[in-house]
Structure formats: structure tokens, C-alpha cells
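Coordinates in review
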2 protein chains.
Amino acid sequence: MKKFVNKAEDFVPEFMSGVLAANPDLLEGDLEFQMVKRKDRPVDNKVSIVQGSGSGHEPAHVMAVGPGMLDGACQGPVFAAPPVDACYETIKALATPAGVLVLVNNYQGDRMAWDTAVELAQAEDIKVEQFWINDDVAVKDSLYTVGRRGVAGNFFVMKACGAAAEEGKSLEEVMAVAEKVNNNVRTMGVALTSCIPPAKGTPIFEIADDEMEVGVGIHGEPGRERTKITSADEITKTLFDAVADDLPFNDGDRVALMVNGLGGTPPAELYVLYNKAAQLCEERGLTVARNYVGEYCTSLEMAGASITMLKLDDELEAYLAAPAQTATRIF
Amino acid sequence: MKKFVNKAEDFVPEFMSGVLAANPDLLEGDLEFQMVKRKDRPVDNKVSIVQGSGSGHEPAHVMAVGPGMLDGACQGPVFAAPPVDACYETIKALATPAGVLVLVNNYQGDRMAWDTAVELAQAEDIKVEQFWINDDVAVKDSLYTVGRRGVAGNFFVMKACGAAAEEGKSLEEVMAVAEKVNNNVRTMGVALTSCIPPAKGTPIFEIADDEMEVGVGIHGEPGRERTKITSADEITKTLFDAVADDLPFNDGDRVALMVNGLGGTPPAELYVLYNKAAQLCEERGLTVARNYVGEYCTSLEMAGASITMLKLDDELEAYLAAPAQTATRIF
């Protein structure tokens, strides 16, 4: 296993401890519930934005906590939903009179955990609602999902809701923002390699040296097809067309374009994909108003990438441009 | 080859085109010389900071161009020095009466190219000096280097010189900053896997499934030893002790601590390493005033990491905290 790991069962608490140690002014956490929150939250008059899902997708989710993004997040084991009590404690820790919005990527395990936690919290008169994200166009039903999966488009939902909440919008208004983003965002990914969860010690799926999985899920779920690896440009076109045809994105649209690395693909390759994706936008008459190239939602060390597009209007573009700060940074 | 590539010979110009396409307001480039520069530079009264080396280390070097960092950079093919004419044209494009400082990572190929280019420019009365970075403590002489190699510590030299130049410091003063950072920065890395340059199509070295290369160079050069993979904590201690004992870093020192990913290692694993490195700093009586966890100097898709420490004083800490902007960003 070519990984930096101590004991497999310590992997998640140890990386979370690292995130906390690196951000002592910004974040505080409760490792019992694998939860991280903004040190300066909750505050009464602001809706709290919360998320939580399996680990292995970093920077989602605990590394997306900070001003203008999430107020808090909890994580389960690698590729497994957080336990109900972690979800419940996270809601409780961020509860405010203005309310809590839980953004849930559409996977059965996550939905079950959050459904129960939200019910428990509501029974205690905590104001909390949830919203399900399902941006992955690859397949309708999947190994762990009924309906479409929630993947890297998640970033845009967090970012826009985070900005709307900072502006003082109500819970209903922030939910409307989540719905607007989710309705206008589409993603598809491709895997060149598999990946190895530390506790499993073996790859989550097998793939030949000359093969790729088109439309892969972020836990290695099967996508649309297994094919021979083609050129970067052909791969980009396959992903881009699937995304662009689905909404669809039409001549004259303004978009945010994301090329997301799945963990094992280095920056230069992501920019090769971006280069082609930007050309395809131009050919389709789309204006790229904002772009995002890097790691936003990974699958451990999987070599691969996804393309996400969000159709913008003035409101969404302003939310994306609003300031934000998280553990993930360069300088 | 599990990579996003079109024709191998197009890899570098295509990723550079992607970087330019993603940053139209910030950057402009000349693909003939594989050069990228700030759109708003040069200006007469500011020292220009320039760098250039082989590709495959992104975000170094062209993705490190921007306000408060590099004014320009040129890149050679993957893991090969840029040609003399590219270096010469880059100096010329950024030349100002205040002068140009070329920051060269210590490799023979890079030094030869920049030596000649600087001589050519000086013969034309362009004010230009170069400074050699050699922060890698692993080995004294190496496959492509006499003396120590220049690796991820390079980031701190660029950042501090970039900030000093923005402040209006003279060429001599900015060179003194470069020297101060280089004298106080130390790095060592480890590789768990090899990597495949697109034009080569095969790994740059072979390594068994249970082995790691301790003290690896960023082009896969041999380090101190080839051993069995140990725990993340043991690996961190090996790298940390080599770095900390070398300067040495002593009780009471204030430091910047970087955990740099080599391209194929995902964020969570880097934070596992950071978690231990921060503990080791505490045990040694070092205060981590600033921390950096992410990809700063990669080796294509190599799984691995390096640890860099810079001993700070008030001047260097202020330079690191100064604002900067490059192609590499999250929001």
C-alpha cells in the first residue's frame, strides 16, 4: 500500500488532527464525533451551513470549513457515512435561531444518517433543514445511490450557500440558493486508476493498465462504460459533452468551469484538460466567467478527474466571487 | 501510461496554454519560449523576479507567477532545463532599470542555461543577477547536481523575494533576502512510487511495492537509502530529523513548516504527515508560526512528500505574510 498511514483506524482522526493543528485560529474540532467547526460559530443571526460524509474526498468536507463556506462538518470512515450521533452533534453544535442547513451529497448511507439526525434535532426544536445534491450526470442509479450521485458540484453549492448565509439570508432563502445551484450544476468524472482505502488494504476495483472508467463515482462505483484510455482531448470531450448536453448548456450561457482532480493526478495534467474544456466552451458559445482547476472532491489517491459546469446568473456569480477562507490554501 | 496526455511533445505547451486560458487577466505568455509573465510587468522601478526550470514540478514554476511572487518564468521539457534562448528571452521580457533576479534551483542543466542567458543579457547592458537555491539536505552531490539540490524550499525564496521586490527593495537587497532564506531553509523528501514522463512512457526508476526512496530528488534521483515502507510517523520523523538537525533548528526557534505533496499523494495523507511534524516541532521547542500543506513542487504523479522548514525572523515572517496571487488557487 503506497500510502502515508499509521494504523488504518487512526487515518481519519490523524488527518483531522493535522487539519486542526494547521488552523488553530480558524477551526476547532471534536475528534470523538470527527467534527470540525469554525471557532467563531455559531452566531444567533446567521444560518449555519453544515455537511458531512465519508472521508477520502478531501478537501471535502472538513477542509471546506471556514468563513464564507461551511460552518461545520463531520466525517465518517473512508468512503462510509458518518454515524448518526456525529451528524446530530454537528447540527447541535452549529444550531442557531436562524437555523441550520445540512447539505447532503446524494448517497443512501449519508441520507439515512442525516435523515435520522435531522429528525432527532427537530424533535428538540432545533431549526434545521436538509438539501440533497445530485450533480453527477453519469448514471441514474448507482451502487450506493438511488437517483443521481452528489459529487464535485457540491463545492458550488457550499460556496454559494456559504456566501448567502454570510449576507444574512434566511434559512428558506439559503435553501433556495442551494436548489438554484443544484438545478444548474452538472458533473462527470473518469478514473484512470483505482484507490486503496487504508482499512481495506486492497484496491476498491480492478482496472487494466490501458483502461479507464468513464463516469466513475467518487467511491469507485461503476460509471457509463469501461474503455481503453484515449487522448486527453477525447476524454475531455466525452466528459464535457455529457455535462453540457445534460442541462443543457446553450450558446450565450455564462458558466463556472471546474476541472477537479481525483487525488492522484498532478496539476499539469488538470490544466491539459482545462485547456481543451475551455476550447469546447468557446465552440459551444459559453462564456467561462469563473474557473476552478485543482482538487475539490477527491477519491483518495485515484488518478482521474471530473468536469463540472455551473450555469451562472448575476446572483450566483456574485456568490462565487464573495470572499471565503478554508484550511485549503496556498500562501 | 495512466495520464491525461495528447501527444507527448504537446504536454508542456498544452498545460501552459491551460494556465494562460484560466488566468487571462493575470498572465500572458509566449509559447515559443514556454514563457509566462505577469500581464502588468515589467515596470521600471521594481526588481523583476524570474525563474525557470524543467516542467513536471507544477505549480513551480509558471503557476507561481503573479503579484507578490514571480514576475515571469519559463519552462523546459519535463525534467529538463529550459533552452538558453528561453531563459534569455524571459530575462529580456522582464528587464527593468531596477534589475532582474533569476532564482535558479541548483541543477547543472539549469545553471548552464541560466549562466549563458545571464551573460548574454549582461552583454546587452541588462541589469540581471542570479541566485542558486540548494535546500535539499538529502545528499551532497547527486545524479544531476554538484552540491545540494534545490527543491521545495524554492517556494519560500520566491515568496520572500517577491514580497521584498513589491516593497521596492533594490536588486542587491532582494538578493540578500534570497540568501537569507536559502541559508535558513532545509528540505528532504521521500518517494513511495516512481513517475512517468510523457515522452519517455516508462517510469524514471523502478521501486518495489513495499519500498520507498528516502531523500529522493524531484527528478527521481537516488536519495540516502532505499528501505521498506514504514509508518507515516516514522517517515515523518526521518524527514524531520534530517531537516531539523541540518541547520540545525533549535529550541526557541520560530519556523515556517511545509508538507509538500509530490503529485500523487492526496490531501488527507499530507495532513497525517503534518500532524506528526507539528508534534515533532513542539518536542524540539520550535514554534510553527506559519504552515503550508499542499502541492508546491511536484514530480509529475509521484506518490511522496517532502518536509521543508524555514527559520523565521520578523523580516522573513512579514514577507511570507505579504499578499500574493498566482494561478494556483482554490476560490
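Check the entry above for the structure.
Calculation notes
Counting restarts for each chain: residues are numbered from 1 in the order of the written sequence. As a convention, the first chain written is A and the first ligand written is 1, with the rest following in written order. Per-residue local features of the predicted model are confined to residues with pLDDT of at least 70, and side-chain atom pairs are confined, for both listing and counting, to 80 or more; whole-chain, interface and lining totals are unaffected and use all residues. Here the side-chain values reflect all heavy atoms present in the structure, with hydrogen atoms and water set aside. Where helices and strands are cited, they refer to DSSP runs of H or I of at least four residues and of E of at least two residues respectively, numbered from the N terminus. For every residue, the accessible area obtained with a 1.4 Å probe (protein chains only) is divided by the maximum for its type, and the residue is called buried under 20%, exposed over 50%, and partly exposed between those limits. In what follows, a contact means two residues having at least one pair of non-hydrogen atoms within 4.5 Å. Whenever a nitrogen or oxygen atom comes within 3.5 Å of another N or O atom, the pair is scored as a polar contact, on the condition that within protein one atom can donate a hydrogen and the other can accept it, and that pairs from neighbouring residues in sequence are kept only if both atoms are in side chains. Note on geometry: axes are lines fitted to C-alpha atoms, helical ones only across the stretch in contact, with angles between N-to-C directions running from 0 to 180 degrees. Note that the term roughly parallel is reserved for angles under 35 degrees, roughly antiparallel for angles over 145, roughly perpendicular for angles of 65 to 115, and oblique for everything else. Helix crossings fall into two classes, left-handed where the near helix is turned counterclockwise from the far one by less than a right angle and right-handed where it is turned clockwise. For this scheme, ten residues count as nonpolar: Ala, Val, Leu, Ile, Met, Phe, Trp, Tyr, Cys and Pro. Four count as charged, namely Asp, Glu, Lys and Arg, and the remainder, Gly too, count as polar. Copy-to-copy alignment: least squares on C-alpha atoms, limited to residues at pLDDT 70 or above in both. Every helix has an expected span of 1.5 Å times one less than the residues it contains. The arc in question is traced by the directions running from the helix axis to the C-beta atoms. At least two bridges found by DSSP between two strands are what make those strands a pair. A quick way to say it: buried area is the sum, across both parts, of accessible area lost when two parts are put together, with a 1.4 Å probe. In what follows, salt bridge is the name for a side-chain nitrogen of Lys or Arg lying within 4 Å of a carboxyl oxygen of Asp or Glu. Residues are said to line a cavity or pocket when one of their atoms sits within 4 Å of a point; the points come from a 1 Å grid over protein atoms alone, cavities being sets where a 1.4 Å probe fits but cannot get out and pockets being open sets with protein on both sides within 12 Å along at least five of seven lines. Grid points are joined across faces, edges and corners, and a volume is the space filled by probe spheres set on the points.

1. Description of the environment of Lys37(A)
Residues and elements named next belong to chain A. Counting through the fold element by element, Lys37 comes out in strand β2 (residues 35–38). You can call Lys37 buried: its relative accessible area is 10%. Sequence spacing of Lys37 and Val65 is 28 residues, and the spatial spacing of their C-alpha atoms is 6.6 Å. Once residues lying within four places of it in the same chain are set aside, the contact partners of Lys37 are Leu26, Leu27, Glu28, Pro42, Val65, Asp71, Gly72, Ala93 and Leu94. At 2.8 Å, the side chain of Lys37 forms a polar contact with the side chain of Glu28.

2. Some words on the packing of helix α2 (residues 84–94) of chain B against helix α3 (residues 108–123) of chain B
Residue and element names in this part refer to chain B. Contact geometry of α2 with α3 gives a least axis separation of 8 Å together with a crossing angle of 45°. What the angle tells us is that α2 and α3 run oblique. Crossing handedness for the pair α2 and α3: right-handed. For the pair α2 and α3, the contacting residues are Val84, Cys87, Tyr88 and Ile91 in the first and Ala113, Trp114, Thr116, Ala117, Val118, Leu120 and Ala121 in the second. Along the lines of polarity and charge, the residues of the contact of α2 with α3 split into 10 nonpolar, 1 polar and no charged.

3. Details of the relation of the copies chain B and chain A
Least-squares fitting of chain B to chain A yields an RMSD of 0.0 Å, with the superposition described by an axial translation of 0.0 Å and a rotation of 180°. Such a combination of turn and shift is consistent with a two-fold rotation axis. Among all C-alpha atoms of chain B, that of Gly264(B) lies closest to the rotation axis, at 2.0 Å. When the interface residues of chain B are mapped onto chain A, 98% of them again fall at the interface, so both copies present the same face.

4. A few points about helix α3 (residues 108–123) of chain A
Residue and element names in this part refer to chain A. A rise of 1.5 Å per residue sets the reference length of α3, with its 16 residues, at 22 Å; its end C-alpha atoms lie 22 Å apart and thus fit the reference within 8%. Of the positions making up α3, those classed as buried are Asp110, Ala113, Trp114, Ala117, Val118 and Ala121. For α3, the angular spread of the buried residues around the axis is 125°, confining them to a single face. Looking at α3, the residues exposed on the side facing more than 90 degrees away from the buried face are Met112, Glu119 and Ala123. The secondary structure elements touched by the buried residues of α3 are β3 (48–55), β4 (72–78), α2 (84–94), β5 (100–105) and β6 (128–133). Taken from the residues just after α3, Asp125 is the one with a positive phi, measuring 65°.

5. Quick word on the sheet that holds β6(A)
Residue and element names in this part refer to chain A. Judged by pairing direction, the sheet is mixed, and its 6 strands sit side by side in the order β1-β2-β4-β3-β5-β6 without closing on themselves. Looking along the sheet, the strands with just one partner apiece sit at the ends: β1 (27–30) and β6. The sheet shows a mean angle of 20° between the axes of neighbouring strands, direction not considered. Pairing geometry for β3 and β4, over 5 bridges, is parallel. What sits directly across from Gly52, in β4, is Cys74. Lying over the sheet, helix α1 (residues 11–22) contacts β1, β2, β3 and β4, oriented at roughly 150° with respect to β4.

6. Considerations on the interface of chain B and chain A
The partner chain A presents 64 residues to the 64 residues of chain B that form the contact. For the chain B face of the interface with chain A, the top three residues by lost area are Lys2(B), Phe4(B) and Phe331(B), together amounting to 21%. In this assembly, chain B and chain A are joined by 2 salt bridges. A salt bridge links Glu269(B) to Lys3(A); its shortest N-O distance comes to 3.6 Å. Breaking the side of chain B that touches chain A down by element, the ones donating at least two residues are α1 (11–22), α4 (154–166), α6 (232–246), α7 (267–284), β11 (287–294) and β12 (304–311) of chain B. When the residues that make up the side of chain B that touches chain A are grouped by side-chain class, the tally is 35 nonpolar, 15 polar and 14 charged.

7. Focus: empty space enclosed by the protein
For the coordinates displayed, the defined rule picks out 7 cavities of 30 Å³ or more. When its volume is computed, the largest cavity comes out at roughly 410 Å³. Taken together, 25 residues make up the lining of the largest cavity; nearest its centre are Gly294(A), Glu295(A), Ile330(A), Glu295(B) and Ile330(B). Of all the secondary structure elements, the ones that give two or more residues to the lining of the largest cavity are α7 (267–284) and β11 (287–294) of chain A together with α7 and β11 of chain B. Class assignment for the residues of the lining of the largest cavity results in 15 nonpolar, 6 polar and 4 charged.

8. Description of the layout of surface pockets
Here the idea is plain: a probe the size of a water molecule rolls over the atoms and shows the empty space left. Taken as a whole, the largest pocket spans an internal volume of roughly 1,200 Å³. In this structure, the largest pocket is lined by 38 residues; those nearest its centre are Lys2(A), Thr193(A), Ser194(A), Lys2(B) and Thr193(B). Each residue belonging to the lining of the largest pocket can be placed in one class, and the counts come to 19 nonpolar, 9 polar and 10 charged. In this model, the second largest pocket occupies a volume close to 750 Å³. In this structure, the second largest pocket is lined by 34 residues; those nearest its centre are Gln325(B), Thr326(B), Arg329(B), Ile330(B) and Phe331(B). If you list the elements that add at least two residues to the lining of the second largest pocket, you get β11 and α8 (314–321) of chain A together with α1 and α8 (314–321) of chain B.

9. Focus: the environment of Ile218(B)
All names here are of chain B. Residue placement: Ile218 occurs in the loop between β8 (211–214) and β9 (225–228). Between the alpha carbons of Ile218 and Ser306 there is a distance of 9.7 Å; along the sequence they are 88 residues apart. Contacts of Ile218, omitting those with residues within four sequence positions, involve His57, Phe79, Tyr107, Gly150, Val151, Cys297 and Ser299.

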